[in-house]
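Working through the structure, step by step
What follows is the residue order along each chain.
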Amino acid sequence: MPELPEVETTLRGISAHVLNTPITRITIRNPKLRWPVPDELASLLQQQITKITRRAKYLLLSTDKGTIIIHLGMSGSLRIVDSGTTYDKHDHVEFCFANGNALRLKDPRRFGAVLWTNESIDEHPLLSHLGPEPLSDEFNSELLFALSRNKTVAIKQFIMNSKIVVGIGNIYANEALFASGINPKRAVGKISKKRYEQLCIEIKRILEKAISQGGTTLKDFVGGTGKPGYFKQELLVYGRKGLPCMQCKSPLKEIRQGNRSTVYCTHCQT
DNA sequence: AAAGACACCTGTCCGC
DNA sequence: TGCGGACAGGTGTCTT
């Protein structure tokens, strides 16, 4: 589920419900996530979450005694429920708060993670080698152009590489390349500055649009039944293999790159 | 050094 | 309707 817009939407949806209220209980129902959920989380009892930020797709919940790092993996979601609400089969970790709210991580595939660190967050091994945020000014065509000279890697894998830029998952890589008219297989060293300018514009535009739409379903993060918003109706290539291109009507092609599906238009993307 | 394969896990969908 | 197999929004790590 979670691409960057959903992680950002999650951050916005949960913040008000868990900030500045003491953590009264931490329940680890299943510690077997991507990495074992550390027992040291217990040191956060009675601490308050003072701020929540996001770096790439990691959510960072700050307290005076360290930071909780949460990643949603492929199938994870965070939800606010009343403390005491019946658990779902896949609710693995729960933080209860003095205000009566509980923050629950549900993750059927368990590719997600809940970690804790005491140290400077930028020095954490998972975060220290990450490229810039896609919505920051630091992510721009000059950067992509400079990093791509004399390289042969395919553009799709390049923009999905978190050392180059973070937060661009499979859906938005496909969509941004279609919007930019760039063939996903094109070698990065053979892409002009001009085309990188367009690509950066489209990446930012699409991510921002998705975030703004996610924002319309914030209420769904509270309570038991809602699902995070999705934007299937906005997607022009992802999941549309064989269907007509929205621009030229020729059937979209699917290939695999780095074990991920790529859908594109052989006419419009060159 | 860089590219590719693989690992982690459950749920869902498709074809027979 | 049932069943096996492919595949899924991520990403760190191991192998070429």
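Now for a description of the structure that goes with this document. Model, not experiment: these values are computed from the prediction.

1. What about the overall build of chain A?
- Across its full length, chain A carries five helices and 10 strands.
- Taking 18 Å as the expected radius of gyration for a compact globule of 270 residues, we find that chain A reaches 20 Å, a close match to that expectation.
- Projecting the C-alpha coordinates of chain A onto the three principal axes gives extents of approximately 55 × 35 × 30 Å.
- Burial status across chain A gives 52% buried among its 270 residues.
- A sequence separation of at least 24 residues applies to 65% of the contacts in chain A between residues at least 6 apart.
- Summing over all exposed atoms, chain A offers an accessible surface of approximately 12800 Å²; the carbon and sulfur share of this is 51%.
- Treating the 38 positive side-chain charges of chain A as one cloud and the 25 negative ones as another, the clouds have centres 9 Å apart.

2. Some remarks on the sheet that holds strand β3 (residues 58-63)
- In space, the four strands of this open sheet follow the order β2-β3-β4-β8, with antiparallel pairing throughout. The open sheet is flanked by β2 (51-55) and β8 (113-117), the only strands paired with a single partner. This sheet shows a mean twist of 25° between the axes of neighbouring strands, independent of strand direction.
- Sheet topology note: the β2/β3 ladder contains five bridges and is antiparallel. Residue pairing across strands places K51 opposite S62, the latter belonging to β3.

3. Thoughts on the protein's contact with DNA strand B
- The environment of DNA strand B is formed by K89, H90, P108, R109, R110, F111, T152, V153 and N259.
- Backbone atoms, meaning sugar and phosphate, make up 53% of the atoms of DNA strand B lying within 4 Å of the protein.
- Separating a sugar or linking oxygen of DNA strand B from a backbone N or O atom of P108 is a distance of 3.3 Å.
- Split into classes, the residues belonging to the surface near DNA strand B amount to three nonpolar, three polar and three charged.

4. Comments concerning the environment of N259
- Tracing the backbone shows N259 in the loop between β9 (253-257) and β10 (260-264).
- For N259, a relative accessible area of 66% puts it in the exposed group.
- Expressed as a C-alpha distance, the spacing of N259 and K151, which sit 108 residues apart in the sequence, is 20 Å.

5. Topic: the environment of I121
- Take I121: it is sitting in the loop between β8 and α2 (141-148).
- Leaving out residues up to four positions away in the same chain, I121 has contacts with L60, T67, I69 and L127.

6. Some thoughts on α2
- All of the buried residues along α2 are S141, L144 and S148. Angularly, the buried residues of α2 cover 65° about the axis, an arc narrow enough to put them on a single face.
- Elements in contact with the buried residues of α2: α3 (155-159) and α5 (193-214).
- For α2, the N-terminal capping position is held by N140, with its side-chain oxygen 3.2 Å away from the main-chain nitrogen of E142.
- Downstream of α2 by a residue or two, N150 has a phi angle that is positive, lying close to 65°.

7. Digging into the nonpolar core
- Counting residues in each nonpolar core, the largest one holds 25 residues, and the members touching the most others are L144, I155, I159, Y196, L199 and I203.
- Elements that contribute at least two residues to this core include exactly α3, α4 (170-180) and α5.
- Counting residues per element, this core draws most heavily on α5, at seven residues.
- Discounting chain neighbours no more than four positions away, the residues touching I159 are V165, I168, A173, L177, L199 and I203.
- L44, I49, I52 and I80 belong to the second-largest nonpolar core, a separate cluster that totals 24 residues.

8. Concerning the sheet that holds strand β1 (residues 23-28)
- Pairing is antiparallel in the open sheet, where four strands are placed in the order β1-β6-β7-β5. Every interior strand has two partners, whereas the edge strands, β1 and β5 (77-82), have only one. Direction aside, neighbouring strands of the sheet carry axes that sit 20° apart on average.
- In this sheet, strand β7 (residues 101-106) lies alongside strand β6 (residues 91-97) in antiparallel orientation, the contact comprising five bridges. Across the sheet, residue F95 finds its bridge partner in β7, namely L103.

9. A closer look at the side chain of T21
- Turning to its location among the elements, T21 is positioned in the loop between α1 (4-18) and β1.
- For T21, a relative accessible area of 6% corresponds to the buried category.
- At 3.1 Å, the side chain of T21 and the backbone nitrogen of N99 are in polar contact.
- Each residue touching T21, except ones within four places of it in the same chain, is listed here: Q47, Q48, I49, F97, A98 and N99.

Analysis parameters
- Residues numbered from 1 in each chain as written.
- Chains lettered and ligands numbered in written order.
- Predicted model: local features only at pLDDT ≥ 70, side-chain atom pairs only at ≥ 80, totals over all residues.
- Heavy atoms only, no water.
- Helix = DSSP H or I, 4+ residues; strand = E, 2+ residues; numbered from the N terminus.
- Rg over C-alpha atoms; globule rule 2.2 N^0.38 Å.
- Buried < 20%, exposed > 50% of the residue type's maximum accessible area, 1.4 Å probe, protein only.
- Contact = heavy atoms within 4.5 Å.
- Areas by Shrake-Rupley, 256 points an atom, 1.4 Å probe, with all protein chains shown as cover.
- Lys, Arg positive; Asp, Glu negative; His and termini not counted.
- Charge placed at Lys NZ, Arg CZ, Asp CG, Glu CD.
- Pairing = 2+ DSSP bridges.
- Axes fitted to C-alpha atoms, helices over the stretch in contact; angles between N-to-C directions.
- Near = heavy atom within 4 Å.
- Polar contact = N/O pair within 3.5 Å; in protein donor to acceptor, adjacent residues only side chain to side chain.
- Nonpolar A, V, L, I, M, F, W, Y, C, P; charged D, E, K, R; others polar.
- Arc of directions from axis to C-beta.
- Core = buried A, V, L, I, M, F, W, Y, C linked by side-chain atoms within 4.5 Å.

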